[in-house]
Amino acid sequence: MRHKSFYIYTFGCQMNVHDSEQMGALLRDSGCLPAADPAAADIVIVNTCSIREKADQKAHSLLGRLRRMKKKNPRLIVGVAGCLAQQWGEEFARRIPGLDLVVGTHNIHLIPEMIARVQTCGAPLVETSFRDEVNSIGIFAPPGNGAVSAFVTVMQGCDNFCAYCVVPYLRGREQSRRPEDILEEIGKLAGRGISEVTLLGQNVNSYGASFGNGYDFASLLRDVAGVKGVERIRFTTSHPKDLSERIARCFAEIGSLCEHIHLPVQSGSDSVLTAMNRGYRAAEYIKKVDKLRQMCSNISVTSDIIVGFPGETEEDFRHTIRLMERVRFDGLFSFRYSDRPGTAAAGFAAKVEDKVKRERLSELQRLQDGITLEKHEAAVGSVEEILIEGYSRNSRAEISGRTRTNKIVNLEGGPEWIGKTVPVRIEKAYLHSLRGKLV
Ligand code: SAH
Ligand code: SF4
Ligand code: F3S
């Protein structure tokens, strides 16, 4: 019998990207082969995100396209996974005819069995129950041949309930994975030539809180640094309220921990931060960044900001601008607030007009672009340690890697450099990348 082929579309955060890697690994283990082209696949899975309205719309328009593909080819198996699948469950299957599988965020491990079942019993099949034991957390999904870098899940879910955010509803309660399992997985990855690992969780700073034995994220970082072959450690994402001095100190003390932290601030206004239920004030955030820079002078700090949260006044927005000028982020992801079903903020009355949100967003982005470019220009002339990850995005004649501070550097060179850590002199600065030359 011919092997079935599969194609996975991925929306959303790095956790979703990694979930897709895990789905791919499971499908390959069950005898399926990856398809290069979705039009040629027997199974198409859309791994969805629900964080903002736009992500939601994109997934729905793709599902519409797949529905038309399915009309032409009734044997095509169409599945939806991820956060929208978790959110809509049965209703998804009712609303979108032709959908075969709806797989929630705790049920990835069931995909191969569901595919087998759908072929004998028919569709649609829906699995969206939350599980105490998240079976998918430990699915081993080594990246493809030649990969240099890999994700490792250290925890799932979130207990913070920020007023705007759907994640706690769609990923369930916070659960830390056992350190033994994490370290074993990293050992296996290192054995396959992976030299950079990124530890993943919605809020890695509170890792281990449920263990009750004092083993925390700083302990985990030290243990990961002890795994042979791991040259670079990164992690994402951090919540400022849980960023302890113990964790900050790791940047000074652990040689393989890269000098970069993604520390979403969301707003520079205390009244907005309170309404968001973030659990810190702007001044506390600034103090934590100062501490990080005191521990590690060249640390790069990136962030997320939402503009137009319900009730955000012009004065609140000025506080955000002032915080950006004070902190000078190395990079920033900024978003217009959008209502998400079931969240507290969706029920807040004082909605900000879309036009105002757009104006605030473009002002903020202009400011950040200037800062990012200035920081990139300041790097010109310096020699940076680059881990070469592959060809550059735009050309096969060039290779590309990142600085320890997570900035993309493109340079001349061939595939023989991939996987190597090399000194590179920075020669030119752009907004989204740097250009350099091997020293
Ligand atoms: N767990 C991470 C981030 C999760 S979502 C953390 O705690 O920081 C990524 C970013 O999306 C958030 O940091 C926030 O800036 C943005 N975001 C989340 N919900 C949003 C909403 N309803 N509208 C606009 N942006 C939102
Ligand atoms: Fe969402 Fe807040 Fe949890 Fe991040 S910490 S996932 S923003 S609820
Ligand atoms: Fe999106 Fe779910 Fe991640 S909502 S941002 S895919 S946790």
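These numbers were taken from a predicted model, which means no experiment stands behind them.

Secondary structure summary: the protein contains 12 helices and 19 strands in total. Computed over its C-alpha atoms, the radius of gyration of the protein comes to 22 Å, within 12% of the 22 Å expected for a compact globule of 439 residues. For the protein, the share of sequence-separated contacts (at least 6 apart) that also reach a separation of at least 24 residues comes to 71%. For the protein, the accessible surface area stands at approximately 19600 Å², while carbon and sulfur atoms represent 51% of it. Taking the 59 positively charged and 53 negatively charged side chains of the protein as two groups, their mean positions are separated by 4 Å.

So, on to the side chain of Thr-320. Tracing the sequence through the fold places Thr-320 in helix H11 (residues 314-327). What makes Thr-320 buried here is its relative accessible area of 2%. From its side chain, Thr-320 meets the backbone nitrogen of Gly-268 in a polar contact 2.9 Å long.

The domains assigned to the protein are domain 1 (5-127) and domain 2 (383-438). If you average the C-alpha positions of domain 1 and of domain 2, the two centres end up 35 Å apart.

Here we come to the sheet that holds strand S10 (residues 196-200). The strands that make up a sheet are held in pairs by hydrogen bonds between backbone atoms, and each pair lies either parallel or antiparallel. The 3 strands are arranged S7-S10-S11 in an open sheet whose pairing can be described as parallel. A single partner strand is all that each edge strand has here, and the edge strands are strand S7 (149-153) and strand S11 (232-236). Averaged over all pairs of adjacent strands, the angle between their axes in this sheet comes to 25 degrees, without regard to strand direction. As paired strands, S10 and S11 are joined by 5 bridges and run parallel to one another. Counted as the bridge partner of Thr-198 is Arg-234 from S11. Most of the contacts of helix H6 (residues 179-191) go to S7, to which it runs at about 165 degrees, and overall it touches S7 and S10.

Turning our eyes to something else, we now look at the nonpolar core. Counting residues in hydrophobic clusters, the biggest one holds 54 residues, and the most contacted among them are Leu-199, Phe-235 and Tyr-285. With residues up to four places along the chain from it excluded, the contact list for Phe-235 reads Thr-198, Leu-199, Val-204, Asn-205, Phe-217, Leu-221, Ile-247, Phe-251, Leu-257 and Ile-261.

Another point: helix H8 (residues 245-253). Burial in H8 covers these residues: Ile-247, Ala-248, Cys-250 and Phe-251. Viewed end-on, H8 has its buried residues packed into an arc of 140 degrees, placing them on one side of the element. For H8, the elements touching its buried residues are helix H7 (217-225), S11, strand S12 (260-262) and helix H10 (282-295).

Attention now moves to the site of ligand 2. Every residue lining ligand 2 is accounted for by Cys-158, Asn-160, Phe-161, Cys-162, Tyr-164, Cys-165, Val-167, Pro-168, Gln-202, His-239 and Arg-278. The residue inventory of the shell around ligand 2, partitioned by class, reads 7 nonpolar, 3 polar and 1 charged.

A few words now on the sheet that holds strand S14 (residues 331-336). The parallel open sheet is built from 3 strands, whose spatial order is S12-S13-S14. Looking at the sheet topology across the chains shown, the edges are occupied by S12 and S14. Averaged over all neighbouring strand pairs, the angle between strand axes comes to 10 degrees, with direction disregarded. Of the strands in this sheet, strand S13 (300-307) and S14 touch helix H12 (residues 354-379), which is tilted by about 175 degrees from S14.

Right, let's talk about a positive patch on the surface for a bit. A surface patch of like charges, here positive, comprises Arg-65, Arg-67, Arg-68, Lys-71 and Lys-72. Topologically, Arg-65 is positioned in helix H2 (residues 53-72).

Looking now at H11. For H11, with 14 residues, the first-to-last C-alpha span of 20 Å sits near the 20 Å given by 1.5 Å per residue. If you follow the buried residues of H11, they end up packed against helix H9 (270-275), H10, S13, S14 and H12. Immediately beyond the C-terminal end of H11, within one or two residues, lies Arg-328, with a positive phi of roughly 50 degrees.

Turning our attention to the pairing of S10. The element S10 is extensively covered by neighbouring structure, given that 5 of its 5 residues are classed as buried. Alignment of S7 against S10, held across 5 bridges, turns out to be parallel. Bridge pairing in S10 places Phe-151 opposite Thr-198. Between S10 and its parallel partner S11, the chain crosses via H7, and the hand of that crossover is right-handed.

The next point concerns the packing of H10 against H11. Packing of H10 against H11 brings their axes to within 11 Å, and their N-to-C directions diverge by 10 degrees. Of the possible angle classes, the one that applies to H10 and H11 is roughly parallel. Listed contacts from H11 to Ala-282, Tyr-285, Ile-286, Val-289, Asp-290 and Arg-293 of H10 are Leu-323, Arg-326 and Val-327. Grouping the amino acids of the contact of H10 with H11 by side-chain chemistry returns 6 nonpolar, no polar and 3 charged.

Right, let's talk about the packing of aromatic side chains for a bit. Here the structure, examined in full by the defined rule, presents 12 aromatic pairs. Taken together, a centroid distance of 6.5 Å and an interplanar angle of 70 degrees make the contact between Tyr-207 and Tyr-215 edge-to-face. Take Tyr-207 and Tyr-215: they sit in the same class, and that class is buried. Centre to centre, the rings of Tyr-207 and Phe-217 are 6.5 Å apart; their planes meet at 65 degrees, and the pair counts as edge-to-face. On the criterion of sequence distance, the pair formed by Tyr-207 in the loop between S10 and H7 and Phe-217 in helix H7 is long-range, its members being 10 residues apart. For Tyr-207, a relative accessible area of 2% puts it in the buried group.

Quick notes on the rules
Residues numbered from 1 in each chain as written. Chains lettered and ligands numbered in written order. Predicted model: local features only at pLDDT ≥ 70, side-chain atom pairs only at ≥ 80, totals over all residues. Heavy atoms only, no water. Helix = DSSP H or I, 4+ residues; strand = E, 2+ residues; numbered from the N terminus. Rg over C-alpha atoms; globule rule 2.2 N^0.38 Å. Contact = heavy atoms within 4.5 Å. Areas by Shrake-Rupley, 256 points an atom, 1.4 Å probe, with all protein chains shown as cover. Lys, Arg positive; Asp, Glu negative; His and termini not counted. Charge placed at Lys NZ, Arg CZ, Asp CG, Glu CD. Buried < 20%, exposed > 50% of the residue type's maximum accessible area, 1.4 Å probe, protein only. Polar contact = N/O pair within 3.5 Å; in protein donor to acceptor, adjacent residues only side chain to side chain. Domains from an automatic or database assignment. Pairing = 2+ DSSP bridges. Axes fitted to C-alpha atoms, helices over the stretch in contact; angles between N-to-C directions. Core = buried A, V, L, I, M, F, W, Y, C linked by side-chain atoms within 4.5 Å. Arc of directions from axis to C-beta. Near = heavy atom within 4 Å. Nonpolar A, V, L, I, M, F, W, Y, C, P; charged D, E, K, R; others polar. Patch = residues over 30% accessible without salt bridge, like charges linked within 9 Å, V, L, I, M, F, W, Y side chains within 5 Å. Salt bridge = Lys/Arg side-chain N within 4 Å of Asp/Glu carboxyl O. Expected span 1.5 Å × (residues − 1). Right-handed = clockwise from strand over helix to strand, strands pointing away. Parallel < 35°, antiparallel > 145°, perpendicular 65-115°, else oblique. Phe/Tyr/Trp six-rings, centres within 6.5 Å; stacked < 30°, edge-to-face > 60°.

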